[in-house]
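Residue-level listing of the chains:
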Amino acid sequence: MSSTSAGRTTADARGDVVVLLIGMRVNHFWAVHQWVPVMLAMFRMLAELKKDPGRGLLSRVLLTASPRTYYVVQYWESKEKLYAYASAPDAFHHEAWAKINRMERGGKVRGHVGIWHETYVVPEGSYEAIYGDMPAFGLAAAHGQVPLEQRGRYARDRFAHRSAP
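Description of the structure in this document. Along every chain, residues carry numbers that run from 1 in the direction the sequence is written. Residues qualify for local features only when their pLDDT is at least 70, as the model is predicted, and side-chain atom pairs are given and counted only at 80 or more; totals for whole chains, interfaces and linings, by contrast, use all residues. No hydrogens and no water enter the side-chain calculation; it runs on all heavy atoms of the structure.

Regarding the packing of aromatic side chains
To keep it simple, the criterion reads: Each Phe, Tyr or Trp ring, with Trp reduced to its six-membered ring, pairs with another whose centre is within 6.5 Å; inter-plane angles below 30 degrees give stacked pairs, above 60 give edge-to-face pairs, and intermediate values give tilted ones. Only DSSP runs of H or I with at least four residues qualify as helices, and only runs of E with at least two residues qualify as strands; both kinds are numbered from the N terminus onward. We call a residue buried when its accessible area falls under 20% of the maximum for its residue type, exposed when it is over 50%, and partly exposed in between, using a 1.4 Å probe and counting protein chains only. Whether a charge sits over a ring comes down to the Lys NZ or Arg CZ being within 6 Å of the ring centre and within 35 degrees of the ring normal.
Counted according to the given criterion, the structure contains two aromatic pairs. Look at Tyr 71 and Trp 116: their rings are 5.8 Å apart centre to centre, the planes differ by 50 degrees, and that puts the pair in the tilted class. With Tyr 71 in strand β4 (residues 69-76) and Trp 116 in strand β5 (residues 113-122), the pair connects residues that are 45 residues apart, well separated along the chain. Between Trp 76 and Tyr 85, the aromatic rings sit 6.1 Å apart at their centres with planes inclined by 35 degrees, giving tilted as the arrangement. Comparing Trp 76 with Tyr 85 shows no difference in burial state: the two are buried. The ring of Tyr 154 is capped by Arg 156, whose NZ or CZ atom sits 4.9 Å from the centre of that ring.

Comments concerning the packing of helix α1 (residues 32-51) against helix α3 (residues 92-105)
Note the following rule: For every element, the axis is a line fit to its C-alpha atoms; helices are fit only across the contacting stretch, and the angle between N-to-C directions ranges from 0 to 180 degrees. Put simply, angles under 35 degrees are roughly parallel, angles over 145 are roughly antiparallel, angles from 65 to 115 are roughly perpendicular, and the rest are oblique. By convention the crossing between two helices is left-handed if the near helix lies anticlockwise of the far one by an angle smaller than a right angle, and right-handed if it lies clockwise. By definition in these notes, contact holds between two residues if any of their heavy atoms fall within 4.5 Å. Each residue gets one label: Ala, Val, Leu, Ile, Met, Phe, Trp, Tyr, Cys and Pro are nonpolar, Asp, Glu, Lys and Arg are charged, and the others, such as Gly, are polar.
Close contact between α1 and α3 brings their axes to 9 Å; oriented N to C, the two are set at 155 degrees. Relative to α3, the element α1 lies roughly antiparallel. Relative to α3, α1 is oriented so that their crossing is left-handed. Residues Gln 34, Ala 41, Arg 44, Met 45 and Glu 48 of α1 pack against Phe 92, His 93, Glu 95, Ala 96 and Met 103 of α3. For the contact of α1 with α3, a count of residues per class yields five nonpolar, two polar and three charged.

Digging into unusual backbone geometry
Residues other than glycine seldom take positive phi values, yet Asp 133 does so here, at roughly 50 degrees. When you line up the elements, Asp 133 lands in the loop between β6 (131-132) and α4 (139-143). With relative accessibility at 52%, the residue Asp 133 sits in the exposed group.

Regarding the pairing of strand β2 (residues 17-26)
Formally: A pair of strands is treated as paired once DSSP finds two or more bridges between them.
For β2, the buried fraction is high: eight of the ten residues fall into the buried class. Examined bridge by bridge, β2 and β5 share ten bridges and lie antiparallel to one another. Among the inter-strand pairings, Arg 25 is bridged to a residue of β5, identified as Gly 114.

Comments concerning the sheet that holds strand β1 (residues 8-11)
One open sheet accounts for three strands, arranged β6-β1-β7; its pairing is antiparallel. For this open sheet the edge positions go to β6 and β7 (145-147), each flanked by a neighbour on one side alone.

Some remarks on the nonpolar core
Nonpolar side chains tend toward joint burial in soluble globular proteins. Note the cut-off: As used in this record, nonpolar core signifies buried Ala, Val, Leu, Ile, Met, Phe, Trp, Tyr and Cys residues forming a set joined through side-chain atoms within 4.5 Å.
Among the nonpolar cores identified, the biggest contains 21 residues, and Met 24, Trp 35, Met 45, Trp 76 and Tyr 85 are the most heavily contacted of them. Elements that contribute at least two residues to this core include exactly β2, α1, β4, α2 (79-87) and α3. Sorting elements by how many residues they give to this core places α1 first, with seven residues. Residues within four places of Met 24 in sequence aside, it is in contact with Trp 35, Val 38, Met 39, Met 42, Arg 68, Thr 69, Tyr 70, Val 113, Gly 114, Ile 115 and Trp 116.

Right under this line is the structure:
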């Protein structure tokens, strides 16, 4: 467990922030043979990325939206590194996506499990964060954590902050 930073802090992000939300939805609980492999593939990709920080994943948070929906909020170094990982022939993502495409073409996807992702490139000045008595989490875990005063006491001040050129 990370140590807690006393008081209020903010993320030390500079420049654009790349956020990927990626997840799955169990449409039929009884189809365990369909959704468990998807969940295991998600964990395998995260382990692969953790072992190779050069691929660009800075941090991730595993979440659930319901007993059916599980997802990961990922913070990436750049959209280029995200795209590179997604299309790298040596990455597990490439193998998993090829298998899903083959299953779809073969009519073997039966709607038992849904998969989804959303990607956001957030320009500097369009994000802000505040953490009270928290360890580095989310954006702060990806980019570092600084005392709130360094970026401004109010949200409008943190939105207005620009990193030095």
